[in-house]
Amino acid sequence: VSVTEPAPPLLEPLVQHAGRHLTLKQARRGNFIIGGGWPAQLGDGGFDVCRASIEGNLWTARHVLPALGPLHLVRCWAGIKPVVGDGVPILGEVPGVAGFFLCVTKGYTIAPLCARLVAEAIMGQCPSLDIDPYSVRRFA
């Protein structure tokens, strides 16, 4: 994930590219947050950003939104992106383990929605969207 310096408002919706590794959104402060699941390298103390991944991700972002071209990066980081075998989130309480809830998503973009739905379930509310199709039971 990379973050640019702040810029004037240019992008309101979140953009996720269907054919390339790209997620792109603009924060309230004006910074662009650019991601998309580009690979990192395993280093001595964890994961290190990979220059080729940063360059490829930024090329894709600038191709989608050319106004990013003159902006400077202020930081980049790498982390673990959990990937479920079927590519679909795992949400909800684990059957047979009362009070143990899972919220595993394929990406960071959908994570806030998934977290809200699971939080509703944890609080004893009926989630605002049906999360049953995303139960871990589908792997039984």
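Structure: above.
Residues numbered from 1 in each chain as written. Predicted model: local features only at pLDDT ≥ 70, side-chain atom pairs only at ≥ 80, totals over all residues. Heavy atoms only, no water.

### Things to note about the overall build of the protein
Next, step 1: Secondary structure summary: the protein contains two helices and nine strands in total.
Next, step 2: Ordered by position from N to C terminus, the α and β elements of the protein give β-β-β-β-β-β-α-β-β-β-α.
Next, step 3: The C-alpha extent of the protein, read off along each of the three principal axes, is 55 × 35 × 25 Å.
Next, step 4: Within the protein, counting contacts between residues at least 6 apart in sequence, those at least 24 apart form 50% of the total.
Next, step 5: Just so you have it, the protein exposes about 9000 Å², and 59% of that area is on carbon and sulfur atoms.
Next, step 6: Of the side-chain charges in the protein, 12 are positive and 10 negative, and the distance between the mean point of each set is 6 Å. (Helix = DSSP H or I, 4+ residues; strand = E, 2+ residues; numbered from the N terminus. Contact = heavy atoms within 4.5 Å. Areas by Shrake-Rupley, 256 points an atom, 1.4 Å probe, with all protein chains shown as cover. Lys, Arg positive; Asp, Glu negative; His and termini not counted. Charge placed at Lys NZ, Arg CZ, Asp CG, Glu CD.)

### Some points on the sheet that holds strand β2 (residues 15-16)
Next, step 1: Across the sheet, five strands lie side by side as β2-β3-β4-β1-β7; this open sheet has antiparallel pairing. For this open sheet the edge positions go to β2 and β7 (73-76), each flanked by a neighbour on one side alone.
Next, step 2: Sheet topology note: the strand β1 (residues 2-4)/strand β4 (residues 32-35) ladder contains two bridges and is antiparallel. Within β4, the position partnered with Val 3 by the bridge is Ile 33. (Pairing = 2+ DSSP bridges.)

### As for the nonpolar core
Next, step 1: One finds Ala 7, Leu 11, Leu 22, Leu 24, Phe 32, Ile 34, Ile 54, Leu 58, Ala 61, Leu 65 and Leu 68 forming the largest nonpolar core, which totals eleven residues.
Next, step 2: Only β4 and α1 (51-64) provide two or more residues apiece to this core.
Next, step 3: Looking at this core element by element, the count peaks at three residues for α1.
Next, step 4: Counting residues in each nonpolar core, the second largest holds six residues, with Leu 91, Cys 114, Ala 121 and Ile 131 among its members. (Core = buried A, V, L, I, M, F, W, Y, C linked by side-chain atoms within 4.5 Å. Buried < 20%, exposed > 50% of the residue type's maximum accessible area, 1.4 Å probe, protein only.)

### Focus on the side chain of Thr 60
Next, step 1: Within the fold, Thr 60 resides in helix α1.
Next, step 2: Judged by its relative accessible area of 2%, Thr 60 is buried.
Next, step 3: Contacts of Thr 60, omitting those with residues within four sequence positions, involve Arg 20, His 21, Leu 22 and Trp 38.

### Quick notes on a nonpolar patch on the surface
Next, step 1: Residues Leu 42, Phe 47 and Ile 80 make up a contiguous nonpolar surface patch of about 350 Å² in total accessible area.
Next, step 2: In this structure, Leu 42 sits in strand β5 (residues 41-42). (Patch = residues over 30% accessible without salt bridge, like charges linked within 9 Å, V, L, I, M, F, W, Y side chains within 5 Å. Salt bridge = Lys/Arg side-chain N within 4 Å of Asp/Glu carboxyl O.)

### Section: the state of the cysteines
Next, step 1: According to the stated counting rule, one finds zero disulfides in the structure shown.
Next, step 2: The thiol sulfur of Cys 50 is not disulfide-bonded, and the nearest other cysteine sulfur, from Cys 76, lies at 11 Å.
Next, step 3: Take Cys 114: it sits in no disulfide, and the sulfur closest to it among the cysteines is that of Cys 103, at 5.3 Å.
Next, step 4: Among the residues examined, Cys 114 registers a relative accessible area of 3% and is labelled buried. (Disulfide = S-S within 2.5 Å.)

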